[in-house]
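# Analysis of the macromolecular model
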Amino acid sequence: MDREEHLTAQLKAFEGRPAATRATGKDPVNLPMIRHWCEAMGDTNPAYTGPDAVAPPTMLQVWTMAGLSGHQGLSGQGRSPHQGLSRHQVRSAAYDDLLALLDAAGCTSVVATDCEQEYLRPLRPGDEVTFDTVIESVSDRKTTKLGTGHFVTTRTDLRVGPDLVGTHRFRILKYAPARTRKTPPRPRPVVNRDNAGFWEGVRRHELLIQRCTGCEVLRHPWLPGCNACGCPDWDTVRASGEGTVYSYVVMHHPPFPAFDPPYAVALVELGEGVRMLGNVVGVPYDKVRIGLPVRAEFRAYDDELTLPVWRVAG
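Given the structure is predicted, the values throughout are model-derived calculations rather than measurements.

The rules behind each value
- Residues numbered from 1 in each chain as written.
- Predicted model: local features only at pLDDT ≥ 70, side-chain atom pairs only at ≥ 80, totals over all residues.
- Heavy atoms only, no water.
- Helix = DSSP H or I, 4+ residues; strand = E, 2+ residues; numbered from the N terminus.
- Rg over C-alpha atoms; globule rule 2.2 N^0.38 Å.
- Buried < 20%, exposed > 50% of the residue type's maximum accessible area, 1.4 Å probe, protein only.
- Contact = heavy atoms within 4.5 Å.
- Areas by Shrake-Rupley, 256 points an atom, 1.4 Å probe, with all protein chains shown as cover.
- Lys, Arg positive; Asp, Glu negative; His and termini not counted.
- Charge placed at Lys NZ, Arg CZ, Asp CG, Glu CD.
- Salt bridge = Lys/Arg side-chain N within 4 Å of Asp/Glu carboxyl O.

## Some points on the overall build of the protein
- Along the backbone of the protein there are four helices and 14 strands.
- For 314 residues, the compact-globule estimate of 2.2 N^0.38 gives 20 Å, and the protein sits close to it at 22 Å.
- Projected onto its principal axes, the C-alpha positions of the protein cover 60 × 55 × 35 Å.
- Every one of the 314 residues in the protein was classed for burial, and the buried ones make up 37%.
- Long-range pairs, those at least 24 residues apart, make up 61% of the contacts in the protein with a sequence separation of at least 6.
- By element, 53% of the accessible surface of the protein is carried by carbon and sulfur atoms, the whole surface being about 17,300 Å².
- Treating the 36 positive side-chain charges of the protein as one cloud and the 36 negative ones as another, the clouds have centres 5 Å apart.

Have a look at this one:
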């Protein structure tokens, strides 16, 4: 058995071991957090308001997150939040040991790659969420554009009382960074069957918004079905590209090779009513303000990548 086979065997020995046990969400399901989520997402579904409100299913992970205070009072204090574990728990050392083994093998960088969620019943205000997290799988060594390493998948089972209410799978890549070129490429967007039409429009310098053919509600980001009426059928509307800054952040840290901080990233509310993210150009980062009028511009970063950005109007 060579060195790589030995490492892979060591890593796979962690499969099935607990990463967190007897965990309790930091907060019970509650209307204020549901309201803030819906406002941020622009979701006006009446099912999420009123005396019989339920939580949006995609909030599933919210009820297990540690918040800005992190994992205080636990072994491994100060670990980065990509672990996806709550601070209110009895946490095993297995996950820390797995990451330490990867660090020792030179896989010192980490990036979240994807997550999968399954919803078994709606969560309602007052529900106390408990959960257990297990190391579900560790891949063989993989080579990616970021570097070479291993994908680690954890599965979290969420319960209210004895009832399983949802499952959340979270996958990261722990890798040894590849040597970057002098001019590193811009990160590529994740294109899938649900949003491919949007990116095809961007390549044509068109900003396309999905429109439900059932209730004619516009939506963004692109989804496989309408979150207002549930209709799976849709067409597109070409946006004017005019909008205003609804919210923004100025990125200082962490630095990424393809970016030159500080720079502003805005959530722009289009004239059509939907909101889109993008970099703000044409004005210093410290001059960006809520309500600032902007218009879409399509910027080619290389022969393969064109992205929409927001230029200050006028």
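Read on for the rest.
## So, the pattern of salt bridges
- Applying the stated criterion across every chain, the model contains 19 salt bridges.
- For glutamate 15, the salt bridge identified is with lysine 12, shortest N-O distance 3.6 Å.
- Judged by its relative accessible area of 31%, lysine 12 falls in the partly exposed class.
- Notably, a salt bridge pairs arginine 155 with aspartate 157, separated by 3.3 Å at the nearest N-O pair.

## As for unusual backbone geometry
- Cis geometry is adopted by the peptide bond preceding proline 221, which originates at histidine 220 and carries an omega value of 5°.
- The residue proline 221 is located in the loop between strand S8 (218-219) and strand S9 (234-238) in this model.
- A positive phi angle is found at histidine 205, which is not glycine, with a value near 60°.
- Examined against the element boundaries, histidine 205 turns out to sit in the loop between helix H4 (196-203) and strand S7 (208-212).
- The exposure class of histidine 205 is partly exposed, given its relative accessible area of 42%.
- Not every positive phi belongs to a glycine, and glutamate 216 is a case in point at roughly 65°.

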